[in-house]
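Residue-level structure breakdown
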Amino acid sequence: SEARTVTIRTFDVGGDKFLSYLDYPKEDNPFLGWRSIRLSLDLEDVFRTQIRAILRASVSGKARMLFPMISGIEEIRRVVKLVDEEKEKLDHNAIAYDRDIELGIMVEVPAAVPILDRLLRYVDFVNIGTNDLMQYLLAVDRNNKKVAIHFNVLHPSVIATIDQIVSVCKRFDKQLCICGEAAAVKESIFLFIGMGVDHISMVPSAIPGVKQFIRSVSQKDAQKALKACLEMEDAGEIKACLTEYLKD
């Protein structure tokens, strides 16, 4: 049978995810602080060890590396340089690895969206992290009950931003996957189908229901709905439109 691909995301800690053995600074805004790729690039020795481990594991099956929270070209340049250096070390020691291992980025910081065409020069694939992308785009702490009502996957800016990311990836023929809470919401999935998204990641328990839902809808309808929603003013209007399309 065809080998399945394992996508390994490098350290994605900080924000609301911590490791007991790391000494974190006390931060007023941890989601805007020392986390994910920033932490990895500061702890370069630890990061190199992780990169090397993934490279060595890549001979046992199809693997690829995914780097979280990329917000600028200088970050991905540094990452690619580290990967190349670790490959050279493995070559020097005659240790096998997949020479064609693919590199990808999480697009979850809004700053990455306008420069995505340039970021794609350095990577093979993209994952959209909808949870963080929405949090940063809407300036809403998704864990704060006081403002949770504003964390809305059908906000026009969220839909327009994801549509823009999908369009750029299609233009440059880069594989794209959508992850996070939005990937299990039927209205969102319907819009993703309209955008032409091929890969969606979700918790295993959601897969049967989502598969059944995708089989039950038409891509032409999804494209029409997306076009209409991209012109709408607020999440309520968008929700009403999609409810109309998705009613039995």
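Here's what I pulled together on the structure shown here. Counting starts from 1 at the beginning of each chain's written sequence and moves along it residue by residue. Totals for whole chains, interfaces and linings use all residues, but because this is a predicted model, local features are given only for residues with pLDDT of at least 70 and pairs of side-chain atoms are given and counted only at 80 or more. Only hydrogens and water are set aside when side-chain values are computed; all heavy atoms of the structure are taken into account.

Moving on to the sheet that holds strand β4 (residues 125–129). At least two DSSP bridges between two strands are required for those strands to pair. For helices the rule is a DSSP run of H or I covering at least 4 residues; for strands it is a run of E covering at least 2, with both sets numbered from the N terminus onward. A sheet is described by the order of its strands in space; here six strands give the open sequence β1-β2-β3-β4-β5-β6, paired in parallel fashion. The outermost strands of the open sheet, each flanked by one partner alone, are β1 (6–9) and β6 (199–200). Pairing analysis gives four bridges linking strand β3 (residues 102–107) to β4, with the strands arranged parallel. Bridge pairing in β4 places methionine 106 opposite asparagine 127. Contacts were defined at the residue level, with two residues in contact if any of their heavy atoms lie within 4.5 Å. Geometry is summarised by axes, namely lines fitted to C-alpha atoms with helices restricted to the contacting stretch, and by angles between N-to-C directions that run from 0 to 180 degrees. Sitting on the sheet, helix α6 (residues 156–171) is in contact with β3, β4 and β5 (175–179), with an inclination near 160° to β5.

This paragraph deals with the packing of helix α9 (residues 219–229) against helix α10 (residues 235–246). Taken N-terminus to C-terminus, the directions of α9 and α10 make an angle of 165°; their axes are 10 Å apart at the nearest point. When the axes of α9 and α10 are compared, the pair comes out roughly antiparallel. You can see that α9 and α10 cross each other, and the crossing is right-handed. Across from Asp221, Lys224, Ala225, Ala228 and Cys229 in α9, the residues of α10 making contact are Ile238, Cys241, Leu242 and Tyr245. When residue character is reported, Ala, Val, Leu, Ile, Met, Phe, Trp, Tyr, Cys and Pro are called nonpolar, Asp, Glu, Lys and Arg charged, and the others, Gly included, polar. When its residues are assigned to classes, the contact of α9 with α10 shows seven nonpolar, no polar and two charged. Throughout, the term roughly parallel applies to angles under 35 degrees, roughly antiparallel to angles over 145, roughly perpendicular to angles from 65 to 115, and oblique to all others. By definition, turning the near helix anticlockwise from the far helix through less than a right angle yields a left-handed crossing, and turning it clockwise yields a right-handed one.

Right, let's talk about the pairing of strand β2 (residues 63–67) for a bit. Burial analysis of β2 places five of its five residues in the buried class, which makes it a mostly covered element. Three exposure classes are used, based on accessible area relative to the maximum for each residue type with a 1.4 Å probe and protein chains only: buried under 20%, partly exposed in between, and exposed over 50%. Residues of β2 alternate between two faces, with Ala63, Met65 and Phe67 on one and Arg64 and Leu66 on the opposite face, all of them buried. Bridge count for β1 against β2 is four bridges, and the pairing is parallel. Across the sheet, the residue bridging to isoleucine 8 is methionine 65, located in β2. Taken together, β2, helix α3 (residues 73–92) and β3 form a β-α-β motif whose crossover is right-handed. We call a crossover right-handed when, viewed with the strands running away from us, the connection from the first strand over the helix to the second turns clockwise.

As a further point, take the packing of helix α7 (residues 186–195) against helix α8 (residues 207–216). At a minimum axis distance of 11 Å, the contact between α7 and α8 shows a crossing angle of 50°. In terms of orientation, α7 and α8 fall into the oblique class. Here α7 runs over α8; the crossing is right-handed. Facing Lys186, Ile189, Phe190 and Ile193 of α7, the residues of α8 in contact are Val210, Phe213 and Ile214. The residue makeup of the contact of α7 with α8, split by class, is six nonpolar, no polar and one charged.

Each Phe, Tyr or Trp ring, with Trp reduced to its six-membered ring, pairs with another whose centre is within 6.5 Å; inter-plane angles below 30 degrees give stacked pairs, above 60 give edge-to-face pairs, and intermediate values give tilted ones. By the definition in use, this model includes two aromatic pairs. Aromatic pair phenylalanine 47 and phenylalanine 67: ring centres 6.2 Å apart, planes at 85°, arrangement edge-to-face. One end of the pair, phenylalanine 47, is in helix α2 (residues 44–57); the other, phenylalanine 67, is in strand β2, with 20 residues separating them in the sequence. Arranged with centres 6.0 Å apart and planes meeting at 45°, the rings of phenylalanine 190 and tyrosine 245 form a pair that is tilted. Of the two residues, phenylalanine 190 is situated in helix α7 and tyrosine 245 in helix α10; the sequence distance between them amounts to 55 residues. Here phenylalanine 190 falls in the buried class, since its relative accessible area comes to 1%. A cation over a ring is seen here: arginine 64 above phenylalanine 125, with NZ or CZ 3.7 Å from the ring centre. To sit over a ring, a charge needs its Lys NZ or Arg CZ within 6 Å of the ring centre and within 35 degrees of the ring normal.

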